[in-house]
Amino acid sequence: IHCRHERMIPWPQAAHNPNLHLDPPLKKEEERRVRANDREYNERFQYASNCIVTSKYNVLTFLPVNLFEQFQEVANTYFLFLLILQLIPQISSLPWFTTIVPLALVLSITAVKDATDDYFRHKSDNQVNNRQSQVLIPGSLQNEKWMNVRVGDIIKLENNQFVAADLLLLSSSEPHGLCYIETAELDGETNMKVRQSVPVTSALGDSNNLATFDGEVVCEPPNNKLDRFSGTLYWRDCKCVLTNQNMLLRGCVLRNTEACYGLVIFAGPDTKLMQNSGRTKFKRTSIDCLMNTLVLWIFCFLVCMGVILAVGNAVWEKEVGSLFQSYLPWDPPVDNFMFSAFLSFWSYIIILNTVVPISLYVSVEVIRLGHSYFINWDRQMFCSQCLTAAEARTTTLNEELGQVEYIFSDKTGTLTQNIMSFNKCSINGQVYGEITDPLEPKLDFTAFNPLADPEFCFYDAGLLESVKVGEPRTHDFFRLLSLCHTVMSEEKSEGELLYKAQSPDEGALVTAARNFGFVFRSRTPGTITVSELGRPVTYSLLAILDFNNIRKRMSVIVRDPQGRIRLYCKGADTLLMERLHAGSQDLMNVTSDHLNEFAGDGLRTLALASRELTEEQWEDWAESHRAADTAADLREERLAAAYEQIEQHMTLLGATAIEDKLQEGVPETIAILSLANIKIWVLTGDKQETAVNIGYSCKMLTDDMGEVFIVNGHTVQSVRQELRSVYLTLYFIVHACLTLWITAFALVISGHSLAHALEADMEAELLMTACACKAVICCRVTPMQKALVVELIKKHKKAVTLAIGDGANDVSMIKSAHIGVGISGQEGIQAVLASDYSFAQFRFLQRLLLVHGRWSYLRMCRFLCYFFYKNFAFTMVHFWFGFFCGFSAQTVYDQYFITLYNILYTSLPVLAMGIFDQDVPDRRSLEYPKLYEPGQLNLLFNKREFFICISQGIYTSLVLFFVPYAVLSHASQDTAEPLADYQTFAVTTATALVIVVSVQIALDTGYWTIINHVFVWGSLGLFFSIMLAMHSQTLFSSSPNQFHFVGSAQSTLLQPVVWLTIALATVICIVPVLAFRFLKLDLKPQLSDTVRYTQLVRQKKRKAVCFRARGGSRRSGYAFAHQEGFGELITSGKNMRLSSLALASFASRHSSSWIDTLRKKKHSHAPTPPGAASAKPL
């Protein structure tokens, strides 16, 4: 384990030099100075305490701050403005409670939700801040709460304790000053990591010695870089360079270490954990954006109606109202018809504001919350193997799941299991691991090797026999696997070994060597102990030449007990073959063929080689390596040059092939999603050949494809030329009508080509080419490139994107996409923590999108259509009434009906429809993926559908006003008294309205549950109950000024003509809707209509799907999951069920349907490739 430590240099200006006692930084901290055991000195700099505050409110600030935040929403501010208008007597036609009741309800619900969330934040903060730590104060260890720990304190940590702050490791109970930590809360990785104490303080092993420690640390200011730290420790006229390997970060857990001591460098909000806890980017759905636009349009429509009615008021007051001035004068301060019109405008703004009721926003959030719970409760998305359920980590994106067009997926751990198994190998030109008899049992290693792992599977007895007979190359092969790695070994009892590998690849290779007799037992910073065929052998570890993504290989240099020095190297064949001895050419050719075969099977490959070094060669190289390692500048480049120098003239030993098996159901899921017209792009760090073969394995690439294009250029010009060539080929094929037999194409592009293609002047060509293909695979891409590819589609395509991954390297991609999905796999939980939805296996994605996503989109669209319809039907009656009441801003309905219409009478039925409705069962949604396409094309709720809804609402309002007006104008009671009075008209119109909208939602509901029945018919019954109560003599007697409609409901509803009027209005409103829907179902049915009809007529026959295997071989399948830095650390002493026939016939049946026509229109403006404008079809 490496801590970069400069040679002890006398430092003439000691740590207590007055020149170092600088004034505290006034503004931005440029560097940090910390002195151990000196709180008085450290407090001068006013560093943050270790108290963590993630809550937003306290008892005093909750109400003002929460209300301020809520009124940041335009809708809430709008309704507050209306409330203020209603408090002005001259313009208010409605009592204040008609607005304040729904507004207060919305604000209260939101406030309760925010308070609950903040309560749990307070609870979590208190739990963390009150944890106990042992702090050295002064000179003795005392228990102290975390919140009271200060920068400069020395803390004692014991095994399994959380690290309280960012600490500089001073000493440890383990040999060589080592300690072991788990960093799952930081980076999601569950494997153990090793840290080492500062060499000059590692001997200070107890509190008595550390009590006198007064070293001073000068380091970088607080930042969020988890993998980097730079600083210098000054103590006793010496200085020591500090790196990240000397740091224990807050959030880590001490493991397998009895105790250690650390100096607090960063505390509380300055720790790297808190510096990385910034807010995730807020994501909005396309429906949210559309709703904002529509609400703006509605507001403009509201203003127009107000202007029309205000103009009408001015005309009426001038032409007619002036005749009544002698006995009906204007109320002060009105003194002319223009001012009357001005006040009338605002009065009508108040009356007509219900075209956009505040309950809309609350209802949307309730529906989304319900959809999220359905995802969480779905047992078909529960993984029984790892006991992990699906989780909706957000409630704002559910309907967006029904509109996804592009999926960006990681490969390892997402499509595959990320559980590696040693499958095949090539040793000295001989292949082992081929299975000739499928019924042959796996080898039993226990008789040969008592230390073998009983779970290891291998079937070729020839390799075991080669080990037993002592084949030298075979022994060297497995000796390399047992030595060349950074695995940590834990022996809980005799012979019970537990390997802690930072990557599944390394674990699989070391386990393979273990079973074939070369058992890695333990390591120290300078030795590796191996049991070779039962004989313990200790090698001196001279150097580790660490892995990184540029070198794509790692090496170790060891000295065996006989004093011989050897270099063992494993890595990518394309790079390792270039560094072999010239005499290995024949073996290289044979092994390359084997590597091609392995890669063709989709296996992850590595080549192995070794070199014998003389003592002189070692000494010369060690000196150059030492100089590079201690260089003050360009250290990484100098180390890389030193590694390159020694890794030459090696002898090829062979190659390994590791299988990373596909997850269950991946091919079926990709096939179904493809049929739903979802394009799948795989963005992986693996080698091109491996990724391509996994693409064939999971059926993303198929033999039916016209061609798989590969872009592998290394220069800007070559990449541009290849992209243009691919696009021109696609363009000519399509326009030559050759697609009758060629269904799809795929594009494979390497990371270095992608780096050029993502440049601003070439991204359009990349976009055109990639989007013309059904599948895209990007190989050897960095995490940042993954995010840039996602951003490219978001920027240029009006399409919803979804990114899915399982590792920390997928976080940027997950956050960039419209929807991020995390898989809780073998690479920790960081991807899950950054995601919007999470589950355990890739196959659950089809249910998330095709069932929950499609249903959520369908429900939300139906909810919005009905909501706007019922509110326009309700509100526009006031507009028509304005022409018959002298534009006096008189309301049609009782004031309590206006208040309760959207809160009680019509809220629950539409909520039930928005939460429970479905057009087809979940099984049919998966059987017919084409049902997903309306969401991609945004067909169910758009501007056109919105105008249809409000047009129906305006038509309904016309009927509801003029039919009762026309009938009641000439009707009379049984007593021959006329019925043409205001209150009778109001009760008749309100009753007809509630009945019509209830019948309408009954027609709109496609899936009835007991809740729907209770809410629809219960709301209707509730309306009559409340109306009879409000119009009763009892309430009138208690408050005659508030209940003006005394007896109106009773007297009105007893008249047969009233019920005939209501029935006539209902029929006129509903019959055209029924006629239109029957005609549409007969003449232009939707896909869901076809599926429902199919269910009624006959049962679908399901047949097993048959996929054709892909043959052929690929180049290198090199893939190695590893991180840079572990070698340096060790040497320094710091250690599918789908009927494809049904799907195909269904797809072809609708190939020329209205959806395809719309899709062609959507893409009709696709750009023409350069040079293709003048091209003619072949």
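Residues numbered from 1 in each chain as written. Predicted model: local features only at pLDDT ≥ 70, side-chain atom pairs only at ≥ 80, totals over all residues. Heavy atoms only, no water.

With respect to the confidence of the model for the chain
- Counting all residues, the mean pLDDT for the chain is 83, and 87% of those residues have values of 70 or more.
- When pLDDT is averaged over each element of the chain, helix α26 (residues 844–882) comes out on top at 95 and helix α39 (residues 1140–1149) at the bottom at 37.
- Taken as a whole, residues 1099–1115 scores under 50 in pLDDT and shows 46 contacts with residues more than four places along the chain or in a different chain.
- Every residue in residues 1134–1154 scores below 50 in pLDDT, and together they form 62 contacts with partners more than four places removed in sequence or on other chains. (pLDDT = per-residue confidence, 0-100. Helix = DSSP H or I, 4+ residues; strand = E, 2+ residues; numbered from the N terminus. Contact = heavy atoms within 4.5 Å.)

A look at the side chain of T956
- Residue position: T956 is located in helix α31 (residues 943–968).
- Sequence-distant contacts of T956, defined by excluding residues within four places in its chain, comprise Y869, A873, V996 and C1069.

Section: the pairing of strand β9 (residues 231–235)
- When you tally the buried positions in β9, you get five out of five residues, the bulk of the element.
- What you see with β9 is no split at all: G231, L233 and W235 on one side and T232 and Y234 on the other are buried throughout.
- The sheet contact formed by strand β8 (residues 216–219) and β9 spans four bridges and is antiparallel. Bridged to V217 within β9 is L233.
- As defined by bridge partners, β9 adjoins strand β10 (residues 238–242) across five bridges and the pair is classed as antiparallel. (Buried < 20%, exposed > 50% of the residue type's maximum accessible area, 1.4 Å probe, protein only. Pairing = 2+ DSSP bridges.)

Some remarks on the nonpolar core
- Ranked by size, the top nonpolar core spans 103 residues in total, and within it F863, L864, Y893, F897, F941 and L993 carry the most contacts.
- Broken down by element, the residue count for this core peaks at 18 residues, all from α26.
- Setting aside its immediate chain neighbours within four residues, F897 contacts F874, Y905, A990, L993, V994 and F1023.
- Ranked by size, the runner-up nonpolar core spans 50 residues in total, among them C698, L802, I823 and F842. (Core = buried A, V, L, I, M, F, W, Y, C linked by side-chain atoms within 4.5 Å.)

So, the sheet that holds strand β27 (residues 679–683)
- On the basis of which strands lie adjacent, the open sheet formed by nine strands has the order β14-β33-β32-β31-β15-β27-β30-β29-β28 and mixed pairing. Each having just a single partner strand, β14 (391–392) and β28 (707–711) make up the two edges of the open sheet.
- The pairing of strand β15 (residues 404–409) with β27 spans four bridges and is classified as parallel. Its bridge partner lying in β27, F408 is registered against W681.

Describing unusual backbone geometry
- In this structure, N256 is a non-glycine residue whose phi angle is positive, near 50°.
- Looking at the element boundaries, N256 is found in the loop between β12 (253–255) and β13 (259–266).
- Taking relative accessible area as the criterion, N256 reaches 36% and is therefore assigned partly exposed.
- In the Ramachandran plot, K699 falls in the positive-phi region, its phi being about 70° despite a non-glycine side chain.
- Tracing the sequence through the fold places K699 in the loop between α19 (688–697) and β28.
- K699 sits in the buried class, given a relative accessible area of 18%.

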